[in-house]
Amino acid sequence: MSAHLSLIARVKRSGKYFLHPTSAWIASLLCIVLVSISEPMIPALLQPLLDQGFQQNSFPIWMVPLSLVGLFAVRGISLFIGQVAVAKATNLGMLKLRLAMFARLQDADLTLYKEQNASSLGNTLVYEVNNGSQLLVNSCMSLLRDSLTLVALVGYLLYLNWQLSLILAILLPSVALLMKVMSKRLYGLTRNNQSATDALAYVVEESAMAYREIRLHSAQSMQQNRFAQLGHMLSRINMKMTVAGAGITPLTQLFSAIALSAVISVALIQSQESGMTVGSFASFVTAMLMLVAPIKHLSEVAGPMTRGLAALERGLELIEKTPIEQGGTFRAKHAKGLIEIRQVAVRYQDDLPWALNEVDLTIQPGETVALVGSSGSGKSTLANLLPRFVEWSRGEVLLDGVSIRDWHLDDLRQQFAIVSQNVVVLNESLAVNVALGQAPDEEKVLKCLMAANLGDYLKTLPDQIHAMVGHNASSMSGGQRQRLAIARALYKDAPILILDEATSALDNESERMVQDALRQLQRGKTTLVIAHRLSTIEAADRIVVMEKGRIVEMGTHASLLVADGAYAALFKIKQSGLAES
Ligand SMILES: Nc1ncnc2c1ncn2[C@@H]1O[C@H](COP(=O)(O)OP(=O)(O)O)[C@@H](O)[C@H]1O
Ligand SMILES: [Mg+2]
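Summarised in this report is the structure supplied together with it. Note that the structure is a prediction, hence the values are computed from the model and not measured.

1. Some words on the nonpolar core
- Counting residues in each nonpolar core, the largest one holds 47 residues, and the members touching the most others are L430, V445, L449, L484, I543 and Y567.
- Counting residues per element, this core draws most heavily on helix α16 (residues 478-492), at seven residues.
- Not counting residues within four places of it along the chain, the set of residues in contact with I543 comprises A370, V372, I537, E553, M554, G555, T556, H557, L560 and Y567.
- Formed by 31 residues, the second largest nonpolar core is a distinct cluster that contains A335, L371, A383 and L399.

Shown next as structure tokens:
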């Protein structure tokens, strides 16, 4: 784990995203150097002022405002430019990191979406990256600025009186040690804090997703309790983090106070003996006192740096540790549509029963095969196997004689159009949703929408095909959404069609109309249809009956009725259901 890496290695790992533009870094480094070396100029100006300023005619008075204002003008301009330049590099780095993370979400192995929910991914990409970048860059800059200031001031002190400054040599290593110990504890706590934040965000996501169910079942207080529990946990972790972080500052300051008092006492004794001037004593003590600020800042840098690193590392782990979806190299534009499933077994988890077991099925190009069976028998799993949404552990699946694991993923998925029970709509216009992934051709979009029987719906939209269908198409009915999916399939015009209960959300009337569209869609295509309506099943070239992950019967409608097995039994139930309604 990254906790074992040295701090420098970790900063390097996260920092590589923030190195550009180089000009911004050069500018800010120059500014930091200017600000740091100007720091001892303040006590240095004090010495001549005190030693000579009170004697007459030693130097012109106008030099005092000139040098002071000049000094602060240089510092002010440098601070300003430095800050802007650093912000530029931070924002660019953050953008780069975000783009890399989002790109990984697009090509990640599908297991990622089982392991992480939407809110935790959202947290990583939106919140943690932002937080982490700011914290890391700011704390690195502070580390640099304050160490340089410290070096400049200590250099000046050594120049004034090198013996005294040796006391500081004891102070610095003890501060460093303290920071190391404390930041280790803080890192662990920060990790806990992240997962607790994810869990909290997830409860919110859930409440937004399932608001109807929660109200209907009066589950508000249950949700409230879950949220409260997680909230309490988060607040306990935050308190621990504060305690761990807050301890560092007073401890270092205590060390500094001890060192300072020792130096001042020794300096006073020395000055009495050696006749040090008031000016040099005052400037020595001023420089000493000015040391307190950078020491204080340095003592505070461990907390934000640790938190920033932990936040960025979460994103880096997403980029570096998430496996990439592995496709093959076989490329083909249009498949003929020959599907061979050989002795395939699928299991979603090691401790679950087989969702598919020794399934053997060959579908000829242009053939329409209907899958029937009770719910949970593995029909959807079989359909999801083909575009590799589900992986098999035994057997082989071939398309046009090539294992689908050898197919290039883009080309493989280009061969399928899928209409299923749950239709997901992007928060985009109707046209973009129909042409999904391609630049919409308006005429074609309109034609597909009409064929999918969405003409009436289209009339209700003032913006027509450019209407925004909104956040998961909550403004559309289930049937309208399903017809949108059919329009999408028509637009894609892929050689293989998978219909997984594609008309389940439609009423009889609209189903009859959509059936025409579906029949057109099916023409000349290899089709796998999972249907609950007898008419669709009867029209298929072949019917495959599934039970508990196995194929138990296969044949035409007529031959299966003659065989009087599982299909005949299902058929009788369906028919009596139809007769009743
Ligand atoms: N994502 C999943 N994780 C775990 N088990 C699953 C998952 N999807 C389906 N299953 C299980 O696999 C079996 C077959 O499911 P499925 O193929 O959806 O059946 P059908 O479509 O015939 O109703 C069921 O027992 C179901 O609980
Ligand atoms: Mg299903």
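2. A look at the pairing of strand β1 (residues 339-346)
- The buried fraction of β1 amounts to six of the eight residues, a majority that puts the element mostly inside the structure.
- Bridge count between β1 and strand β2 (residues 356-363): five bridges; the pairing is antiparallel. Residue pairing for β2: V344 is matched across the bridge by V359.
- Bridge analysis of β1 against strand β4 (residues 394-399) gives five bridges, and the strand direction is antiparallel. Each bridged residue has a counterpart across the sheet, and for E340 the counterpart in β4 is L398.

3. Quick notes on a nonpolar patch on the surface
- On the surface, L29, V33, L34, I37, V74, L144 and L148 cluster together into a nonpolar patch covering about 530 Å² of accessible area.
- Only α2 (22-38) and α6 (118-160) provide two or more residues apiece to the nonpolar patch.
- The biggest single contributor to the nonpolar patch is α2, with four residues.
- For L144, a relative accessible area of 33% gives the class partly exposed.

4. As for the sheet that holds strand β6 (residues 416-419)
- The six strands lie next to each other as β6-β7-β8-β3-β9-β10, forming an open sheet whose pairing is mixed. Of all strands in the sheet, those with a lone pairing partner are β6 and β10 (550-555), marking the two edges. Direction aside, neighbouring strands of the sheet carry axes that sit 20° apart on average.
- Bridge count for strand β3 (residues 368-373) against strand β8 (residues 526-530) is four bridges, and the pairing is parallel. By the bridge assignment for β8, V369 is matched with L528.
- With respect to the sheet, α16 is in contact with β6 and β7 (496-500), its orientation differing from that of β6 by roughly 170°.
- Against the sheet, helix α17 (residues 508-522) engages β3, β7 and β8, with an angle of about 150° to β7.

5. Thoughts on the sheet that holds β2
- Sheet architecture is open: four strands sit in the order β2-β1-β4-β5, paired in antiparallel fashion. Looking along the sheet, the strands with just one partner apiece sit at the ends: β2 and β5 (402-403).

6. Digging into helix α10 (residues 278-321)
- Between its first and last C-alpha atoms α10 spans 63 Å; for 44 residues at 1.5 Å apiece the expected length is 64 Å, and the two agree.
- In the structure, α10 departs most strongly from a straight axis at V301, where the bend amounts to approximately 30° and where the proline P304 lies between one and four residues downstream.
- The buried count for α10 comes to 31 of 44 residues, which makes it a mostly enclosed element.

7. Some points on the pairing of β7
- Among the five residues that make up β7, five are buried, leaving the element largely enclosed by the rest of the structure.
- Residues I496, I498 and D500 point to one face of β7 and L497 and L499 to the other, with burial holding for every one of them.
- Pairing geometry for β6 and β7, over four bridges, is parallel. Pairing of I418 across the sheet is with I498, part of β7.
- Bridge analysis of β7 against β8 gives five bridges, and the strand direction is parallel. When the sheet's bridge partners are listed, D500 is paired in β8 with I530.
- A crossover links β7 with its parallel partner β8, the connecting element being α17, and its sense is right-handed.

8. Considerations on the site of ligand 1
- Lining the immediate environment of ligand 1, one finds Y348, L352, A355, S374, S375, G376, S377, G378, K379, S380 and T381.
- Between ligand 1 and the protein, one listed contact pairs an oxygen atom with a backbone N or O atom of K379 at 2.9 Å.
- Residue T381 places a side-chain N or O atom 2.4 Å away from an oxygen atom belonging to ligand 1.
- Look at ligand 1: alone it shows 560 Å² of surface, and the protein chains cover 58% of it.
- Classifying every residue of the shell around ligand 1 gives three nonpolar, seven polar and one charged.

9. Some points on the packing of helix α14 (residues 442-451) against α16
- At a minimum axis separation of 8 Å, α14 and α16 run at an interaxial angle of 130°. As judged from the angle between their axes, α14 and α16 are oblique. For α14 against α16, the interelement crossing comes out right-handed. In this structure, α14 uses K444, V445, C448, L449 and A451 to contact α16, whose residues at the interface are L484, A487, L490 and Y491.
- Class assignment for the residues of the contact of α14 with α16 results in eight nonpolar, no polar and one charged.

10. A few points about the packing of aromatic side chains
- Tallying each qualifying case throughout the model produces two aromatic pairs.
- Its end group placed over the ring of W354, R394 keeps NZ or CZ at 4.7 Å from the ring centre.
- Sitting over the face of the ring of W392, R405 holds its NZ or CZ atom 3.8 Å from the ring centroid.

11. Structural notes on unusual backbone geometry
- Even without being glycine, R388 reaches a positive phi, approximately 60°.
- Mapped onto the elements, R388 comes out in the loop between α11 (379-385) and β4.
- On the accessibility criterion, R388 (8% relative accessible area) is buried.
- With a phi close to 50°, Q464 is a non-glycine residue in the positive phi region.
- With respect to the secondary-structure elements, Q464 resides in the loop between α15 (455-459) and α16.

What counts, and where the lines are drawn
- Residue numbering note: each chain is counted from 1, following its sequence as written.
- All chains are assigned letters beginning with A, and all ligands numbers beginning with 1, in the order in which they are written.
- At least 70 in pLDDT is required for a residue's local features to be given in this predicted model, at least 80 for side-chain atom pairs to be given and counted, and no such filter applies to totals for whole chains, interfaces and linings, which use all residues.
- Hydrogens and water are ignored here; the side-chain numbers use all heavy atoms of the structure.
- Only buried residues count toward a nonpolar core, which is a set of Ala, Val, Leu, Ile, Met, Phe, Trp, Tyr and Cys residues joined through side-chain atoms within 4.5 Å.
- Here the term buried applies to any residue with accessible area under 20% of the maximum for its type, exposed to any over 50%, and partly exposed to those in between, with areas from a 1.4 Å probe on protein chains only.
- Helix and strand assignments follow DSSP, with helices taken as H or I runs no shorter than four residues and strands as E runs no shorter than two, numbered in order from the N terminus.
- The contact rule is simple, with two residues in contact once any of their heavy atoms fall within 4.5 Å.
- Here, any two strands with at least 2 DSSP bridges between them count as paired.
- Each patch is assembled from residues with relative accessible area greater than 30% and no salt bridge, linking like charges that lie within 9 Å and nonpolar side chains (Val, Leu, Ile, Met, Phe, Trp, Tyr) that lie within 5 Å.
- For the accessible areas, the method is Shrake-Rupley and the probe is 1.4 Å, while residue cover comes only from the protein chains on display.
- When a carboxyl oxygen of Asp or Glu is within 4 Å of a side-chain nitrogen of Lys or Arg, the pair counts as a salt bridge.
- Fitted lines through C-alpha atoms give the axes, limited to the stretch in contact for helices. The angle between two N-to-C directions lies from 0 to 180 degrees.
- Given a helix with a known number of residues, its expected span is that number minus one, times 1.5 Å.
- Take the seven residues that end at a residue and the seven that start at it, fit an axis to each, and the angle between those axes is the bend at that residue.
- Think of it like this: strands point away, you trace from the first strand over the helix to the second, and a clockwise trace means the crossover is right-handed.
- Residue proximity to a molecule or strand is established when one non-hydrogen atom of the residue lies within 4 Å of it.
- Polar contact is defined as a pair of N or O atoms within 3.5 Å, subject to the rule that within protein one atom must be able to donate a hydrogen and the other to accept it, and that residues adjacent in sequence are counted only when both atoms are side-chain atoms.
- Three categories are distinguished: nonpolar for Ala, Val, Leu, Ile, Met, Phe, Trp, Tyr, Cys and Pro, charged for Asp, Glu, Lys and Arg, and polar for the others, with Gly belonging to the last.
- To sort the angles, those under 35 degrees are grouped as roughly parallel, those over 145 as roughly antiparallel, those from 65 to 115 as roughly perpendicular, and the leftovers as oblique.
- Here a crossing is taken to be left-handed if its near helix is turned anticlockwise relative to the far helix by less than a right angle, and right-handed if that turn runs clockwise.
- We call Phe, Tyr and Trp rings a pair once their centres come within 6.5 Å, taking the six-membered ring for Trp, and we label the pair stacked below 30 degrees between planes, edge-to-face above 60, and tilted otherwise.
- Counted as over-ring charges are cases with an Arg CZ or a Lys NZ within 6 Å of the ring centre that also lie within 35 degrees of the ring normal.

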